[in-house]
Amino acid sequence: MTNTSMITTWCTKWGALVTSYNPHTQDVTREDTGANTETDKEFIYNTYIELLKDVKHRSGMAKTEAYEEWAKQMFIKEPANMKLLIVVDKLLTGFDAPPCTYLYINKSMKDHGLFQAICRTNRLDGEDKDFGYIVDYKDLFTKVEKAIAVYTSELDHSSDGAAPEILLQDRLKRGRERLDDTIEALALLCEPVEPPKGEFH
């Protein structure tokens, strides 16, 4: 199975890939390839052609736009059938998807662009969702603290209900703290055991 067919098979079953790329034949006409090989440009072009092959034309839309609209609607309305939406330079503003619970960031961003991106997961979606998770592969949260401070200074505390504060937690740090606490509790639990204190005992 080629890389192209693996990606398109995965997207057909579990998710979608939305980027600003629009495939054109001239993108690959001058690519020089050997037998059974494809260049990076051909890989991208072939992946998109495969993704778009079953997309129906919609009035006033390119096939890539129709595919993007379908993917967004599936992600919002049928999250069980659209488990993962991979986006590149898309959907940071004007895209409200309450079912979005996890956001994986693997791109350098800053200022309002970063703040808008991390806000994607803060839409409540029924009683099952209290908050969202952001997995930050670029260590960006140190850059967004100032923007969050500005935002939280304008929060309305006059209404009843849950406090509107933003709760930021580093899960790695919290996990390390829980591990240290558990090791300490285990040491206290084993302290009264009389020697020998081998694993068997």
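These lines cover the structure that appears in this document, whether it is placed above or below. (Residues numbered from 1 in each chain as written. Predicted model: local features only at pLDDT ≥ 70, side-chain atom pairs only at ≥ 80, totals over all residues. Heavy atoms only, no water.)

## Things to note about the packing of aromatic side chains
In this description, an aromatic ring pair is defined by two values, namely the gap between the centres and the angle between the planes.
So, step 1. Taken as a whole and assessed by the stated rule, the structure comprises four aromatic pairs.
So, step 2. Summarising the aromatic geometry, the rings of Y21 and Y48 are spaced 5.2 Å apart at their centres and angled 70 degrees between planes, so their arrangement reads as edge-to-face. Linking Y21 in the loop between β1 (15–18) and α2 (40–52) with Y48 in helix α2, this pair joins segments that are 27 residues apart in sequence. (Phe/Tyr/Trp six-rings, centres within 6.5 Å; stacked < 30°, edge-to-face > 60°. Helix = DSSP H or I, 4+ residues; strand = E, 2+ residues; numbered from the N terminus.)

## Focus on helix α3 (residues 63–77)
The α-helix advances 3.6 residues per turn, and as a result positions three or four apart in sequence lie on the same side.
So, step 1. The end-to-end C-alpha separation of α3 is 21 Å, in line with the 21 Å expected for 15 residues at 1.5 Å each.
So, step 2. Those residues of α3 that sit buried are T64, A66, Y67, E68, A71, K72, M74 and F75.
So, step 3. If you follow the buried residues of α3, they end up packed against β1, α2 and β2 (84–87). (Expected span 1.5 Å × (residues − 1). Buried < 20%, exposed > 50% of the residue type's maximum accessible area, 1.4 Å probe, protein only. Contact = heavy atoms within 4.5 Å.)

## Side note on the pairing of strand β4 (residues 133–136)
So, step 1. Examined bridge by bridge, strand β3 (residues 102–105) and β4 share four bridges and lie parallel to one another. Within β4, the residue paired with Y104 across the bridge is V135.
So, step 2. The β-α-β motif built from β3, the intervening helix α4 (residues 111–118) and the parallel element β4 has right-handed crossover chirality. (Pairing = 2+ DSSP bridges. Right-handed = clockwise from strand over helix to strand, strands pointing away.)

Read these as layout, nothing more, since geometry by itself doesn't imply function.
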